[in-house]
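Each chain, written out:
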Amino acid sequence: MNYGGFDLFFGDHDGKPAQNLPPRWGGVDNPNLSNISAETAISPSGNSAALAIYEHVRKLQEDLAFLGFSVVGKPDGAFGVRTGWGVREFQIYASMAQVACVRQDKKGLLLLDQTGSPVKVDNLDVYFDSSAAILAKAGKAAVVGGTTAGPVSYYVDSLQSVANSARYSGPISGVMNAQTRLAIDHWLENDYRCPVVLEAWKMVHGVRNDIAASGCNIWAHDSFTEGAPRVFVRDFSSYFDFPAGRAQNHYHVVGYYESRGFGGPNASKGHSWSPEAEMTVQNITGSPVNSTQLNSPALSTYRTVRVVAEAECFGRFDVLNAWDNALVSAGPCHWTMGLFDSGKYGRGEFVGFISYLKQRNNEIFRKVFGDFGLYPKYDWGDSRLYVEDLKTYSGWVRLTNDTYVPVQQVHAESEFNDLLRTKEEAHYLKTWHWFYRLSMAGRTLSGYREAMWSMAKVRVRDLLTKEVQFRVGATTIISTLGSVFTSEKSVAILLRWHVYRPSHVVHDDYQRIVPIIQQTINETATVNWQLPVSNWGDAHEAALSRGLLSAAAAVNSTITTSIAFGSTQPQGAVRTGRNTFILDE
């Protein structure tokens, strides 16, 4: 019976006989050990008559590492945070229709180097069907003959994609429950391995050359910390549909390790899929630029939001960042999963997007988040999600627990646990596997991209409703940001500033926009500000836009270059005239 038949979970451990510390399994200290059977071992004293209880937690950790889930770290007999991650990830991949399997022609085959000598890792002969934790240390394969194109690691070369003949159907919980024990048995008996492998490769003239030291099968954000190599994925799962021209049996770049901040995965423009993940007019509106529709709401909004996306993520859905204090950032406004402050992570706008996606397109939500056991704490429409004084939607995430029933459509609060906000717990979402999932969602799922763009429009809509007061001579004017700033250029600048510092734009105690309006009115005597706001013209707009751009650039200079985006493209750059911005509802 695997692991003594116990439902192992966080806090369990194998005890320390030398210190008279009994084990804790299934949440019970010193559990009933009457049915020891064959799961025993010679005691540390070497006395064969004295039997020590089998180390169930250590055995679980060793099995997970053997199957490719090295996120558990070094087996130590204590079920900690990363062992929980390993169990969750096993449950995730065991639920998939396709998994990796050791190739039949590699089973039992001794690994040889280029001289014909047996390869040794930690002084052990390495076999293709041995532990993934060992084989991953063997590096680049001397001869490529498997299912993967180009240079390849010994580990990846030993694998092939096969149908999962016994899919796990239980909760994604991180608990080694009965169904998970059966699934692990099945994987061990059938030589299954984790179907997604991430590796760091050294590059020569932009081409993969050799796998970096300790660069095979990387998981945690800090399990590989070299900045020069590029991280690639080999996906045997078929979970995401690869578009034409993107062969699944190739390596695909994901990003690189960024050492700044907290350190972690990062991606830039050079790692993006083009054109699939680009925020082009074609990808956003569904059709190329039509010269007769340049004044349409769709193109007006596109030009305006695209300025912000250029500054935030080079206008790419798969340019993500997981190295700074924001945990993970993604989308045209690069919404953050949560900002770290005072020793814990706070609410984040990316969670607001997850809530929006769940309401707008539940099928895509499940594909990107729900199937992996991740849910927003508050659903779209819950007043707790909206931060009125910032005009943003933010929240926190929760994970499914062992009471979660996957086949049900409606779930009780008790089926979820909030992800703890500490670095130790929350950095689960910084793992390379989560980074890859979010990247592939941006590359392959049109419904995901559409929801992101729509959420950006929600932000513009809410932002422009902010009430502002200023004076023209002796008269106090009460208006809104959307009535004062009406050009595409001005709205783009406002949006960029709001993404960077929402409080500067809309918070009554911190906002900086009213002083800009007031200063512009006071210092531009050539413009007749006495006219009703609704009658202001291009001269008014130009003066307001100049003052806004100057102040915004002093806070974040990226706006000075991103504001010109589109000037060489058919849709053109943002328009500057009064009333040129039209929100695409």
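**Considerations on the sheet that holds strand 9 (residues 192-193)**
Okay, so step 1: Overall, antiparallel pairing links the three strands, which are arranged 8-5-9 in an open sheet. Each edge of the open sheet carries a strand with a single partner, namely strand 8 (159-163) and strand 9.
Okay, so step 2: Here strand 5 (residues 98-102) pairs with strand 8 via five bridges, running antiparallel. By the bridge assignment for strand 8, V102 is matched with L159.

**Re the pairing of strand 11 (residues 207-211)**
Okay, so step 1: Pairing geometry for strand 10 (residues 196-204) and strand 11, over four bridges, is antiparallel. Within strand 11, the position partnered with W201 by the bridge is I211.
Okay, so step 2: Hairpin connection of strand 10 to strand 11: two residues between the antiparallel strands, including H205 at a positive phi of 55°.

**Considerations on the packing of aromatic side chains**
Aromatic ring pairs are described here by two measures, namely the spacing of the ring centres and the angle between the planes.
Okay, so step 1: A complete count under the given rule lists 34 aromatic pairs for this structure.
Okay, so step 2: Taking the centre distance of 5.7 Å and the plane angle of 75° together, the rings of F69 and F90 count as edge-to-face. Of this pair, F69 sits in the loop between helix 1 (56-66) and helix 2 (81-94) while F90 sits in helix 2, and the two are 21 residues apart along the sequence.
Okay, so step 3: Residue class for F69 comes out buried when judged on its relative accessible area of 0%.
Okay, so step 4: With a centroid separation of 4.5 Å and an interplanar angle of 35°, the aromatic rings of W380 and Y393 are classed as tilted. Note that W380 is positioned in the loop between strand 19 (374-376) and strand 20 (386-387) and Y393 in strand 21 (residues 392-393), a separation of 13 residues in sequence.
Okay, so step 5: Its relative accessible area of 14% is what places Y393 among the buried residues.

**Description of the confidence of the model for the chain**
Okay, so step 1: When pLDDT is averaged across the chain, the result is 93; 96% of the residues are at 70 or more.
Okay, so step 2: Long-range and interchain partners of residues 35-52, a stretch whose pLDDT sits below 50, account for 19 contacts in this model, where long-range means more than four residues apart.

**Considering the state of the cysteines**
Think of a disulfide as a covalent bridge from one cysteine sulfur atom to another cysteine sulfur atom.
Okay, so step 1: Tallied over the full model, the rule gives zero disulfides.
Okay, so step 2: The structure places no disulfide on C216, whose sulfur is separated from the nearest cysteine sulfur, that of C194, by 12 Å.
Okay, so step 3: The exposure class assigned to C216 is buried, which follows from its relative accessible area of 11%.
Okay, so step 4: There is no disulfide at C333, and the cysteine sulfur nearest it, in C313, is 8.6 Å away.

**Details of the pattern of salt bridges**
Okay, so step 1: Throughout the structure, instances matching the rule amount to 31 salt bridges.
Okay, so step 2: The salt bridge partner of K107 is D191, with a shortest N-O separation of 3.1 Å. On the criterion of sequence distance, the pair formed by K107 in the loop between strand 5 and strand 6 (120-121) and D191 in the loop between helix 5 (178-190) and strand 9 is long-range, its members being 84 residues apart.
Okay, so step 3: Here K107 falls in the partly exposed class, since its relative accessible area comes to 28%.
Okay, so step 4: Using a relative accessible area of 18% as the deciding quantity, one classes D191 as buried.
Okay, so step 5: Among the ionic pairs, E488 bridges to R303, the shortest N-O distance being 2.9 Å. Separated by 185 residues along the polypeptide, E488 in helix 14 (residues 488-500) and R303 in helix 7 (residues 297-313) bring together distant segments of the chain.
Okay, so step 6: A cluster of three or more residues bridged by salt bridges with shared partners is formed by R103, D105, K106 and D157.

**Re the environment of Q160**
Okay, so step 1: Inspection of the secondary structure assignment puts Q160 in strand 8.
Okay, so step 2: Separated by 344 residues in the primary sequence, Q160 and H504 place their C-alpha atoms 53 Å from one another.
Okay, so step 3: For Q160, the contacting residues outside a window of four places in its chain are V99, A100, C101, V102, R103, Q104, T147 and F236.

**As for the sheet that holds strand 22 (residues 397-400)**
Okay, so step 1: Ordered in space as 19-22-23, the three strands form an open sheet in which the pairing is antiparallel. Edge positions in the sheet fall to strand 19 and strand 23 (416-418), since each has one partner strand and no second. Taken over all neighbouring pairs, the strand axes of this sheet differ in orientation by 40° on average, direction set aside.
Okay, so step 2: Looking at chain direction, strand 19 and strand 22 are connected through three bridges and run antiparallel. By the bridge assignment, Y375 is partnered in strand 22 with R398.

About the thresholds
- Positions within a chain are numbered from 1, following the residues in the order the chain's sequence is written.
- Owing to the predicted nature of the model, reporting of local features is limited to residues with pLDDT of at least 70; listing and counting of side-chain atom pairs is limited to 80 or more, with chain, interface and lining totals taken over all residues.
- Only heavy atoms go into the side-chain values, all of them from the structure, while hydrogens and water stay out.
- The pairing criterion for strands is at least two bridges between them, as found by DSSP.
- Comment: elements are numbered from the N terminus, with helices defined as DSSP H or I runs of at least four residues and strands as E runs of at least two.
- Only Phe, Tyr and Trp rings take part, Trp by its six-membered ring, and two of them pair if their centres are within 6.5 Å. Stacked means planes under 30 degrees apart, edge-to-face means over 60, and tilted covers everything else.
- Only protein chains enter the accessibility calculation, which uses a 1.4 Å probe; a residue whose area is less than 20% of its type maximum is buried, one above 50% is exposed, and one in between is partly exposed.
- You can read pLDDT as the predictor saying how much it trusts each residue, on a scale of 0 to 100.
- What makes two residues a contact is simply this: any of their non-hydrogen atoms within 4.5 Å.
- Pairs of cysteine sulfur atoms within 2.5 Å are what we label disulfides.
- Salt bridges, as used here, are contacts in which a Lys or Arg side-chain nitrogen is within 4 Å of a carboxyl oxygen on Asp or Glu.
- Comment: axis = line fitted to C-alpha atoms, over the contacting stretch for helices; angle = value between 0 and 180 degrees taken between N-to-C directions.

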